[in-house]
Amino acid sequence: MNIFELFILAIGLSMDAFAVSVCKGLSLGRINAKHMCIAGAWFGGFQALMPLVGYFGGRFFADKVTRYSHWVAFVLLVFIGAGMIKESKEEEHVNADMDIKSMFILAVATSIDALAVGVTFAFLKVQIIPAVSFIGITTFVISCAGVLIGNRFGARYKSKAELAGGVVLILMGIKILLEHTILA
């Protein structure tokens, strides 16, 4: 996986966090850098942690299913992407709380897809530390921006962001499948 592919994947994964950050920005009255950094740290941290967990879990199984790894990656990414596209059509309500309990629940909920991507990374033998660092930093920046955008511009970007993220993940899955079947 090259840096451009990783960047596109990181953007796709961060769209759930962006959407929730936009909602947080909407729900907060006045925001400051602290609000943006709290959202960025929680979402970026979990977007980095979950693929790491998935990677080590996936490495356990990778040797047993290496012949089918491209199919596993394809199915996982299409499944996650389709879920994001479905969620883009649903109304989401987020309260203004930024306490540990609220942020933990949101961070886990928005990073479940990253766990599955980590499993995919194990099958593709991706260098995990640079990959999760890049995903975490990208999500941090996008989440900070989401709080600001939500506070300033409203909810019109939330569903479009989730839709775009879902499409990106599906396209990545198709690309992986094509590279290992037709183009191999």
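To start, this report covers the structure provided alongside it. Given the structure is predicted, the values throughout are model-derived calculations rather than measurements.

Parameters at a glance
Residues numbered from 1 in each chain as written. Predicted model: local features only at pLDDT ≥ 70, side-chain atom pairs only at ≥ 80, totals over all residues. Heavy atoms only, no water. Helix = DSSP H or I, 4+ residues; strand = E, 2+ residues; numbered from the N terminus. Contact = heavy atoms within 4.5 Å. Buried < 20%, exposed > 50% of the residue type's maximum accessible area, 1.4 Å probe, protein only. Phe/Tyr/Trp six-rings, centres within 6.5 Å; stacked < 30°, edge-to-face > 60°. 1 Å grid on protein atoms, 1.4 Å probe; cavity = no way out; pocket = protein on both sides within 12 Å on 5 of 7 lines; lining within 4 Å. Points joined across faces, edges and corners; volume = space filled by probe spheres on them. Nonpolar A, V, L, I, M, F, W, Y, C, P; charged D, E, K, R; others polar. Axes fitted to C-alpha atoms, helices over the stretch in contact; angles between N-to-C directions. Parallel < 35°, antiparallel > 145°, perpendicular 65-115°, else oblique. Left-handed = near helix turned anticlockwise from the far one by under 90°. Patch = residues over 30% accessible without salt bridge, like charges linked within 9 Å, V, L, I, M, F, W, Y side chains within 5 Å. Areas by Shrake-Rupley, 256 points an atom, 1.4 Å probe, with all protein chains shown as cover. Salt bridge = Lys/Arg side-chain N within 4 Å of Asp/Glu carboxyl O. Core = buried A, V, L, I, M, F, W, Y, C linked by side-chain atoms within 4.5 Å.

1. Here we look at the environment of I135
Tracing the chain through its elements places I135 in helix 5 (residues 128–153). Taking the C-alpha atoms as reference points, I135 and I11, 124 residues apart in sequence, are found 7.9 Å from one another. Beyond its immediate sequence surroundings of up to four residues, I135 is in contact with L6, A10, L13, Q47 and F121.

2. Some points on the side chain of T138
Position of T138 among the secondary structure elements: in helix 5. In this structure T138 comes out as buried when scored by relative accessible area, which is 10%. Leave out the neighbours within four places in its chain, and T138 touches A10 and I11.

3. Some points on the packing of aromatic side chains
Here the structure, examined in full by the defined rule, presents 5 aromatic pairs. Ring geometry for F7 versus F134: centroids 6.2 Å apart, planes at 70 degrees, classification edge-to-face. On the criterion of sequence distance, the pair formed by F7 in helix 1 (residues 3–27) and F134 in helix 5 is long-range, its members being 127 residues apart. Residue F134 is classed as partly exposed on the basis of its relative accessible area of 25%. With a centroid separation of 5.3 Å and an interplanar angle of 80 degrees, the aromatic rings of Y55 and F56 are classed as edge-to-face. Residue F56 is classed as partly exposed on the basis of its relative accessible area, which comes to 47%. Each residue in the set W42, F46 and F104 is aromatic and connected to the rest through ring pairs, giving one cluster.

4. Structural notes on unusual backbone geometry
Comment: phi is negative for the bulk of residues other than glycine, and the bulk of peptide bonds are trans. Phi angles above zero are rare outside glycine, and K125 is one such case at about 55 degrees. You can see K125 is positioned in the loop between helix 4 (100–124) and helix 5. On the accessibility criterion, K125 (59% relative accessible area) is exposed.

5. Considering empty space enclosed by the protein
Per the stated rule, a full pass over the model turns up 1 cavity of 30 Å³ or more. Empty space within the largest cavity amounts to approximately 40 Å³. Considering the residues around the largest cavity, the lining is formed by M1, L9, L77, V117, T120, F121, L124, M172 and I176. Top element by residues in the lining of the largest cavity is helix 4. It accounts for 4 residues. Taken together, the residues that form the lining of the largest cavity break down as 8 nonpolar, 1 polar and no charged.

6. Quick notes on the packing of helix 1 against helix 4
It is at 10 Å that the axes of helix 1 and helix 4 come closest, and there the two elements cross at 165 degrees. One finds that helix 1 runs roughly antiparallel with respect to helix 4. Seen from above, helix 1 lies across helix 4 with right-handed handedness. Mapping the contact onto sequence places L6, L9, L13, D16, A17, V20 and K24 in helix 1 and M103, L106, T110, D113, A114, V117 and F121 in helix 4.

7. A closer look at a nonpolar patch on the surface
A contiguous nonpolar patch, built from L163, V167, L171, I174, L178 and I182 and spanning about 500 Å² of accessible area, is present on the exposed surface. Along the polypeptide, L163 turns up in helix 6 (residues 158–180).

8. Section: the nonpolar core
The tendency in soluble globular proteins is for nonpolar side chains to be buried as a group. Core analysis: the largest hydrophobic core is formed by 37 residues, its most contacted members being L9, L13, F43, L77, V117 and F121. Mapped onto this core, the elements with two or more residues apiece are helix 1, helix 2 (33–65), helix 3 (69–87), helix 4, helix 5 and helix 6. Residue contributions to this core peak at 8 residues, all from helix 4. Not counting residues within four places of it along the chain, the set of residues in contact with L77 comprises L9, V117, L169, I170, M172, G173 and I176.

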